[in-house]
Amino acid sequence: MTHDLATIDKENEIRAAQDLSLIAKDRGIRYFLISYTDLFGYQRAKLVPATAIADIQKGGAGFAGFAGGFDMTPAHPDTLGIPDPSGLIQLPWKPEVAWVPADCIMDDKPVGQAPRVVLKNVVARAAELGVRVKTGVEIEFFLINPDGTQVSDSYDTAPKPCYDQLAIMRRYDLISEVCDYMNDLGWEPYQNDHEDANGQFEMNWLFDDAVPTADRHAFFKYMLRTIAEKHGMRATFMPKPFATLTGNGCHAHISGWDVATGKTSTFYDKNDPMGLSKVAYNFMGGVIKHASALTALTNPVVNSYKRINAPRTASGSTWAPNSVTWSGNNRTHMVRVPGKGRFEYRLPDTAVNPYLLQAAIIAAGVSGIERKADPGPSLDIDMYQDGHTIKDAPRLPLNLLDAIRAFDADTELKNSLGAEFSQAYINMKMKEWNSYATHFSQWERDNAIDC
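Residues numbered from 1 in each chain as written. Predicted model: local features only at pLDDT ≥ 70, side-chain atom pairs only at ≥ 80, totals over all residues. Heavy atoms only, no water.

Caption draft 1: Quick look at the pairing of strand 2 (residues 43-49). Relative to strand 2, strand 1 (residues 31-37) is paired through seven bridges, and the arrangement is antiparallel. Its bridge partner lying in strand 2, Leu33 is registered against Leu47. Remark: five residues form the turn of the hairpin made by strand 1 and strand 2, two consecutive strands paired antiparallel; Gly41 in that turn has positive phi of roughly 95 degrees. (Pairing = 2+ DSSP bridges. Helix = DSSP H or I, 4+ residues; strand = E, 2+ residues; numbered from the N terminus.)

Caption draft 2: Summary view of helix 13 (residues 400-409). Among all positions of helix 13, only Leu400, Leu401, Ala403, Ile404 and Phe407 are buried. Down the axis of helix 13, the buried side of the element spans an arc of 160 degrees, and every buried residue falls inside it. Among the exposed residues of helix 13, those oriented more than 90 degrees off its buried face are Arg405 and Ala409. Contacts made by the buried residues of helix 13 are with helix 9 (291-298), helix 10 (304-308), helix 14 (411-417) and helix 15 (419-437). Measuring from the side-chain oxygen of the N-cap residue of helix 13 to the backbone nitrogen of Leu401 gives 3.1 Å; that N-cap residue is Asn399. (Buried < 20%, exposed > 50% of the residue type's maximum accessible area, 1.4 Å probe, protein only. Arc of directions from axis to C-beta. Contact = heavy atoms within 4.5 Å. Polar contact = N/O pair within 3.5 Å; in protein donor to acceptor, adjacent residues only side chain to side chain.)

Caption draft 3: Focus on the packing of helix 8 (residues 278-289) against helix 11 (residues 354-371). At a minimum axis distance of 6 Å, the contact between helix 8 and helix 11 shows a crossing angle of 120 degrees. Here helix 11 runs oblique to helix 8, going by the angle between their axes. As for how helix 8 packs across helix 11, the hand of that crossing is right-handed. Residues Val279, Asn282, Phe283, Gly286, Val287 and Lys289 of helix 8 form the contact with helix 11, whose own contacting residues are Ile361, Ile362, Ala364, Gly365, Val366, Gly368, Ile369 and Arg371. Counted by class, the contact of helix 8 with helix 11 contains eight nonpolar, four polar and two charged residues. (Axes fitted to C-alpha atoms, helices over the stretch in contact; angles between N-to-C directions. Parallel < 35°, antiparallel > 145°, perpendicular 65-115°, else oblique. Left-handed = near helix turned anticlockwise from the far one by under 90°. Nonpolar A, V, L, I, M, F, W, Y, C, P; charged D, E, K, R; others polar.)

Caption draft 4: Quick peek at the nonpolar core. Ranked by internal contacts, the top residues of the largest apolar core, which has 118 residues, are Phe32, Phe220, Phe407 and Leu417. The element best represented in this core is helix 11, accounting for 11 residues. Once residues lying within four places of it in the same chain are set aside, the contact partners of Phe32 are Leu20, Ala24, Lys46, Leu47, Val48, Ala50, Ile53, Leu88, Ala98 and Val100. Counting residues in each nonpolar core, the second largest holds six residues, with Phe142, Ala197, Phe242 and Leu245 among its members. (Core = buried A, V, L, I, M, F, W, Y, C linked by side-chain atoms within 4.5 Å.)

Caption draft 5: Up close: the packing of aromatic side chains. Applying the stated criterion across every chain, the model contains 21 aromatic pairs. With 5.8 Å between their ring centres and 55 degrees between their planes, Trp93 and Tyr222 make a pair best called tilted. Of this pair, Trp93 sits in the loop between strand 5 (89-90) and strand 6 (97-106) while Tyr222 sits in helix 7 (residues 210-230); the two residues are 129 residues apart in sequence, bridging distant segments of the chain. Taken together, a centroid distance of 6.2 Å and an interplanar angle of 55 degrees make the contact between Phe283 and Phe343 tilted. Of this pair, Phe283 sits in helix 8 while Phe343 sits in strand 16 (residues 342-345), and the two are 60 residues apart along the sequence. For Phe283, a relative accessible area of 0% corresponds to the buried category. A residue is classified by how much of its surface remains accessible, and Phe343, at 0% relative accessible area, is buried. (Phe/Tyr/Trp six-rings, centres within 6.5 Å; stacked < 30°, edge-to-face > 60°.)

Caption draft 6: Highlighting the pattern of salt bridges. Taken as a whole, this structure holds 17 salt bridges when the rule is applied. The partner of Arg216 in a salt bridge is Asp208, with the nearest N and O atoms 3.4 Å apart. Residue classification places Arg216 among the buried positions, given a relative accessible area of 19%. Here Arg336 makes a salt bridge to Glu344, at a shortest N to O gap of 2.2 Å. The residues Arg336 and Glu344 share a single accessibility class, namely buried. (Salt bridge = Lys/Arg side-chain N within 4 Å of Asp/Glu carboxyl O.)

Caption draft 7: Just the environment of Val118, in detail. Relative to the helices and strands, Val118 resides in helix 4 (residues 115-128). With 238 residues separating them along the chain, Val118 and Leu356 place their C-alpha atoms 7.6 Å apart.

Caption draft 8: Main features of the side chain of Thr295. Within the element layout of this structure, Thr295 appears in helix 9. In contact with Thr295, other than residues within four places in its own chain, are Pro300, Tyr305, Ile308, Leu347, Leu396, Pro397 and Ala403.

Okay, structure coming up:
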């Protein structure tokens, strides 16, 4: 299912019932950040006064797509960001401003390469197969000094810092402020911790449908960066900001539910040893089948592959997969089943585009359901110690170029995500890779100056 004009008209009727002008008056909102996320995962926005929001809600905020992170030229018409009131978030630290995610249109049609549009399309396709996908994300990040050269806490030096009580309490003011905001927003946060690297943390909130989860993921990154700056720090979601420390993962927990109510699990089978239904295994089989191609989306930057293919870190483990395997409650595999009726996808890192993370998982899972994909046998070994003994598990791409090529070769996944999006994404990522490939580094001088 794609967004045709009839669908757009229906969505506009729904939005009209959520009048942003009335919301502004009721909540004391003076400005709206009309925001979309581009192909690279950057948020683009216009700050619209409440006095003008009625026209913007109807006609959209205008952006030049070429300048705003899309595969377009200066000759393209305006990309119009149509605000979606269902995703509105009033800034807890600046309540006179509201952030509103936008769906991009051009010439009265959805922009096929816009990540939120892509996600909505694959959600609709999953619904046609009787699956309402819900997800939760575990987002890791570093708190660093403003120039990005080191972690912000000079006392955070323990060789095994995971769950370090002293270290997290030294960052209590920042972490608690963000957690309180999530509580105020109704996200139901449930835990915060110091992670496996010095200066690294993770914050968790309750799972939800894929689109709200993506909206919250996008807003969380903006919120955390803003509050970190307020406290004189910088939050980074770079996958591997420090060579000897564990990288930033963005693990996704995936479950399936009935489309009508979202209350009956379609992924649960009480008679299965893992607690998974046939459709859950097929969905997981799709994720495993398309794993190499998915890497271009879930691990989207050059630095991502420093995390996936890293040697053992200072803490003793990378906590990142490098092979396509799955297991029960075993964190050394790409996919693990930590509980009945759901599974965890451990490959993505925090450079991932929040909307493309969800879209990629669902597109692969839908493919798996349609093809009745078999995930293969589970493995119970420690992949970090004994992974070399497994000879038939595919290795994940070694770099971004290999990942882009794997995605380009996966016609089925590209079609599931949409041809317009897939080609645009490949074009933009190849430009990024070529920019990297033509950059001269100090490593080259150190290793080739005397050739």
